[in-house]
Each structure stands twice: as C-alpha cells, then as structure tokens.
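Per-entry structural report
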Amino acid sequence: MNDRARVGVLALQGDFAAHIKTLSSIPNVTASEVRTPDDLKNVDALILPGGESTTIIKLLQRIDLDSAITQRVSTGMPVFGTCAGMIVLANEVEEAPNQPTLKLLDIGVARNAFGRQIDSFEADLTVSLNNSVETIRGVFIRAPYATRIGPNVEVLGIFNDKIVAVRDKNVLAIAFHPELTGDTSIHSYFVNMITS
Ligand code: GLN
C-alpha cells in the first residue's frame, strides 16, 4: 500500500460528495470518485454512499462495476456501505426478494424501515469501534436496518432495538449517515480497516 490510503467513493448517484469531504479531513487519506472499473483499480478501499439502492445497483450493472467490486471485495478490499450502500451490500432485501444486490454481506435488510412518520430523524446512539464504545450522532434518512445477520457478522450498533451498524471482516455497513455530521470517527475506523 502507498503511504497514503486511497479511498474511493462510488459516485454514480447519491451523497458521495459528503463522503469525499469527510475523508479529506482525515490525515493521510486521498479520496477519489469511482465511476468506472478503471477508477476502482486505483483505490485501496471503497465507500458505497446513501442514495437510492435500486438506482445504484442498476447503474453498477450497466457498466459491470458490480462484478469488479465483488471481485475486489472477495479478495479483501475493505468496503463500507451507508444507508442505500448497506442495502446494496446485503445478501437479501426483505419483502423485495427480486431486488438485486451485491450479496457481499450476510445480512437481510428492510428498506425505509423506521416508518413513514419518521422518514428522517437524528438521534444519539452508541457504536463499538475497536473495543471502545462511542456515542455518536446518527442521521437517519429513510434508513434501513438489518432484520437478519449471519453467524460471522459482528453487530457494532443498535438503535431502538434495531441493528444499524455491522461488520463482517472487510465489509462495514451503517444504516445512517456518518458523513453528514462532521464526526470522522466511523470513517477513520474504516480507513484503519485497510491495514488491519
Ligand atoms: N431508502 C433508500 C433506499 O432504499 C435509502 C435512503 C438513503 O440512502 N438515505 O435505497
């Protein structure tokens, strides 16, 4: 690996710019937008941002970036999905068994799962990062949660009895939007997954 961690952000749709901004305030990180399989070759890790999961997956498939990501992640590249990105990574989507996903994370998810009345909300929650429990601000926007987790999946965060942060080896998924708060703790944790 280079001295600087090269972190790509999938930039086909959704709030990729906020991730680039968050990453650029972490020392020794170079952030770049990933739009093609060639762009992916130049990064050490990838973030899948929030947005609309059905649109993101269609756009990935159109340019064969889905298979390029799958290939890199299955050979160890760290990947981090937030909100729609968590859905894109999941093995299955509850009540939408035909929704294609990358199936890189052994969880089932429910979309827009916190209910219509509270489409978007913010709340403090605790997450465990590197064996320390931290309180962070969660911005939830039509957020999913995990309805099922596989035996190797580690739960990093729960909010209102719902699983909202998980990790399985090099795959990290968060139901809310850590890129919108100015807090870099989750992004820094992800960057550290490149070397660990
Ligand atoms: N509800 C969106 C979806 O299902 C996710 C929302 C978000 O990423 N903020 O794809």
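In the block above lies the structure referred to throughout.
To start, this report covers the structure provided alongside it. (Residues numbered from 1 in each chain as written. Predicted model: local features only at pLDDT ≥ 70, side-chain atom pairs only at ≥ 80, totals over all residues. Heavy atoms only, no water.)

The subject of this paragraph is the site of the ligand. Residues in contact with the ligand, as listed here, are Gly50, Gly51, Glu52, Ser53, Cys83, Ala84, Ile87, Arg111, Asn112, Ile141, Arg142 and His177. Separating an oxygen atom of the ligand from a backbone N or O atom of Gly51 is a distance of 2.9 Å. Interatomic distance of 3.0 Å between a backbone N/O atom of Ile141 and a nitrogen atom of the ligand. Residue composition of the shell around the ligand, by class: 4 nonpolar, 5 polar and 3 charged. (Near = heavy atom within 4 Å. Polar contact = N/O pair within 3.5 Å; in protein donor to acceptor, adjacent residues only side chain to side chain. Nonpolar A, V, L, I, M, F, W, Y, C, P; charged D, E, K, R; others polar.)

Here we come to the pattern of salt bridges. Following the criterion strictly, the structure yields 10 salt bridges and no others. Residue Asp38 pairs with Lys41 through a salt bridge whose shortest N-O separation is 3.0 Å. Taken as a pair, Asp38 and Lys41 lie in helix H2 (residues 37-41) at a separation of 3 residues, close to a single helical turn. We note a salt bridge from Arg137 to Glu122, for which the minimum N-O separation is 3.1 Å. Here the residue Arg137 occupies a position in strand S8 (residues 132-141), and Glu122 occupies one in strand S7 (residues 120-129), the gap between them amounting to 15 residues. Overall, Glu122 belongs to the partly exposed group, its relative accessible area being 47%. One salt-bridge network, held together by shared partners, links Glu52, Arg111 and Arg142. (Salt bridge = Lys/Arg side-chain N within 4 Å of Asp/Glu carboxyl O. Helix = DSSP H or I, 4+ residues; strand = E, 2+ residues; numbered from the N terminus. Buried < 20%, exposed > 50% of the residue type's maximum accessible area, 1.4 Å probe, protein only.)

Turning next to the packing of aromatic side chains. Both the distance between ring centres and the angle between the ring planes are used here to describe each pair of aromatic rings. In this structure the tally under the stated criterion is 9 aromatic pairs. Both rings, one in Phe114 and one in Phe159, keep their centres 6.3 Å apart while their planes meet at 50°; by these two values the pair is tilted. With Phe114 in the loop between strand S6 (105-110) and S7 and Phe159 in strand S10 (residues 154-159), this residue pair connects regions lying 45 residues apart in the sequence. Take Phe114: its relative accessible area is 13%, and that puts it in the buried class. Measuring from ring centre to ring centre gives 4.7 Å for Phe121 and Phe140, while their planes differ by 5°; the resulting arrangement is stacked. In this pair, Phe121 is assigned in strand S7 and Phe140 in strand S8, connecting sequence segments 19 residues apart. (Phe/Tyr/Trp six-rings, centres within 6.5 Å; stacked < 30°, edge-to-face > 60°.)

On any regular strand, side chains alternate: one points to one face of the sheet, the next to the other face. Of the two faces of strand S4 (residues 79-82), the one holding Val79 and Gly81 and the one holding Phe80 and Thr82 are both buried throughout. Judged from the 3 bridges that link them, strand S3 (residues 45-48) and S4 form a sheet pairing that is parallel. Counted as the bridge partner of Leu48 is Gly81 from S4. (Pairing = 2+ DSSP bridges.)

Excluding glycine, residues mostly carry a negative phi; peptide bonds, for their part, are mostly trans. Unlike most non-glycine residues, Asn28 shows phi in positive territory, near 65°. Residue placement: Asn28 occurs in the loop between helix H1 (16-24) and strand S2 (29-34). Located in the positive-phi region is Asp161, a residue other than glycine, with phi close to 65°.

Moving on: the environment of Ala11. Within the fold, Ala11 resides in the loop between strand S1 (5-10) and H1. Spatially, the C-alpha atoms of Ala11 and Pro151 are 32 Å apart, while their sequence positions differ by 140 residues. Excluding residues within four positions of it along the chain, Ala11 makes contact with Phe16, Glu33, Val34 and Arg35. (Contact = heavy atoms within 4.5 Å.)

Moving on to helix H3 (residues 53-62). Within H3, burial applies to Ser53, Ile56, Ile57 and Leu60. Along the axis of H3, the buried positions cluster into a sector of 95°, meaning they face one direction only. Set apart from the buried face of H3 by more than 90 degrees, the exposed residues are Lys58 and Arg62. Where H3 is buried, its residues touch S1, helix H4 (65-74) and helix H5 (84-89). Downstream of H3 by a residue or two, Asp64 has a phi angle that is positive, lying close to 60°. (Arc of directions from axis to C-beta.)

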